[in-house]
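# Architecture and fold: a report
Spelled out from the first residue to the last, the chains are:
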Amino acid sequence: MSIQSNLNTIKASLPEHVTLVAVSKTKPVSDLIQAYEAGQRIFGENKIQEMTEKWEQMPKDIQWHMIGHVQSNKVKFMAPFVSLIHGVDSLKLLQEINKQALKNNRVIDCLLQMHIAEEETKFGLDENELNALISSSDFKEMKNIRILGLMGMATFTEDQNQIKKEFTHLKTIFDSIQKLETENCNLNTISMGMSGDYKLAIECGSTMVRIGSSIFGGR
Ligand SMILES: *Cc1c(COP(=O)(O)O)cnc(C)c1O
């Protein structure tokens, strides 16, 4: 199957309110161009250097999403162009993003990454950390970031009930923070679901799916 037909099949299966992030990590620019020519404008990468190199080579109407774990000292490389950072999981990182956004005279959209999986290894905040972060005065003072919502990854398992439970949990947390809105929040996005579980994620309330291998093939 071609990248174009994979994309068309997936797009046809998505409800209108769900945004598709085409996860192009490790794939060559020639593959991204095929997706671009098929109409895709939102790409997700998990390494800042790789994303920056692709940004330099690709058309400028693309929205680049950083979906991987972000090290504070590398934020400056993507601050001029990144469209949405999915994996924000500390106040310290958010402060660095705010600082670099200010230097670039822009506001950078972010999602807060929640730890919803059973595995210890996955990054993300728990509910207490989330509430502490968004109710802190340091957070309220940041003017160059905007929180659009939450991101999460389910446990790597075949157990659909387990995955469903975790996605539903993320949706519940999202609903619970609606009342906490501050000026730098505009909560409308739940980023959950990948190639293997995006349909279930959408059933559970996802508004943004991050799909790689089902579009570009295995890595
Ligand atoms: C790689 C990756 C994806 C896409 O995974 P696929 O299974 O290839 O669709 C989604 N989200 C994150 C955070 C990733 O790192």
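Residues numbered from 1 in each chain as written. Predicted model: local features only at pLDDT ≥ 70, side-chain atom pairs only at ≥ 80, totals over all residues. Heavy atoms only, no water.

## Description of unusual backbone geometry
Its identity is not glycine, yet Thr26 carries a phi of approximately 70 degrees, on the positive side. Residue position: Thr26 is located in the loop between β1 (19–23) and α2 (29–37). Thr26 sits in the exposed class, given a relative accessible area of 53%. Phi is positive for Asn105, which is not a glycine, with a value near 55 degrees. (Helix = DSSP H or I, 4+ residues; strand = E, 2+ residues; numbered from the N terminus. Buried < 20%, exposed > 50% of the residue type's maximum accessible area, 1.4 Å probe, protein only.)

## As for the UniProt feature "modified residue: N6-(pyridoxal phosphate)lysine" (unreviewed entry) in the protein
Under the present numbering, the feature "modified residue: N6-(pyridoxal phosphate)lysine" (unreviewed entry) in UniProt falls on Lys25. Position of Lys25 among the secondary structure elements: in the loop between β1 and α2. For Lys25, the contacting residues outside a window of four places in its chain are Gly44, Glu45, Asn46, Glu50, Lys54 and Arg219. (UniProt positions renumbered as here; feature names shortened; annotations may be inferred. Contact = heavy atoms within 4.5 Å.)

## Thoughts on the site of the ligand
Near the ligand the following residues occur: Val23, Lys25, Ile67, Met151, Met153, Met194, Ser195, Arg210, Ile211, Gly212, Ser213 and Arg219. In this structure, Ser195 approaches the ligand through a side-chain N or O atom, which is 2.5 Å from an oxygen atom. Between the ligand and Arg210, the relevant distance is 2.8 Å, taken from a nitrogen atom to a side-chain nitrogen or oxygen of the residue. Protein contacts shield 90% of the accessible area of the ligand, which totals 390 Å² for the unbound molecule. Of the residues in the shell around the ligand, the class split is 6 nonpolar, 3 polar and 3 charged. (Near = heavy atom within 4 Å. Polar contact = N/O pair within 3.5 Å; in protein donor to acceptor, adjacent residues only side chain to side chain. Areas by Shrake-Rupley, 256 points an atom, 1.4 Å probe, with all protein chains shown as cover. Nonpolar A, V, L, I, M, F, W, Y, C, P; charged D, E, K, R; others polar.)

## Comments concerning the layout of surface pockets
Empty pockets left among the atoms are what a rolling probe the size of a water molecule brings to light. Considered as a void within the structure, the second largest pocket measures approximately 160 Å³ in volume. Together, Asn46, Lys47, Ile48, Gln49, His69, Gln71, Lys74 and Phe77 line the second largest pocket. Partitioning the lining of the second largest pocket into residue classes produces 2 nonpolar, 4 polar and 2 charged. (1 Å grid on protein atoms, 1.4 Å probe; cavity = no way out; pocket = protein on both sides within 12 Å on 5 of 7 lines; lining within 4 Å. Points joined across faces, edges and corners; volume = space filled by probe spheres on them.)

## Things to note about the packing of aromatic side chains
Taken as a whole and judged by the stated rule, the model has 2 aromatic pairs. Their ring planes at 35 degrees and their centres at 5.8 Å tell us that Phe43 and Trp64 sit as a pair that is tilted. Of this pair, Phe43 sits in strand β2 (residues 42–45) while Trp64 sits in strand β3 (residues 63–66), and the two are 21 residues apart along the sequence. With a relative accessible area of 1%, Trp64 lands in the buried category. For the cation-ring pair, Arg41 lies above Tyr36, with the distance from its terminal atom to the ring centre recorded as 3.5 Å. (Phe/Tyr/Trp six-rings, centres within 6.5 Å; stacked < 30°, edge-to-face > 60°. Lys NZ or Arg CZ within 6 Å of the ring centre and 35° of its normal.)

## Regarding the pairing of strand β7 (residues 185–191)
Most of β7 is tucked away, with 5 of its 7 residues classed as buried. Two strands pair when backbone bridges link them, and strand β6 (residues 145–152) and β7 are joined in this way by 4 bridges, in the parallel orientation. In the sheet register, Leu150 faces β7, and the bridge partner there is Ile190. (Pairing = 2+ DSSP bridges.)

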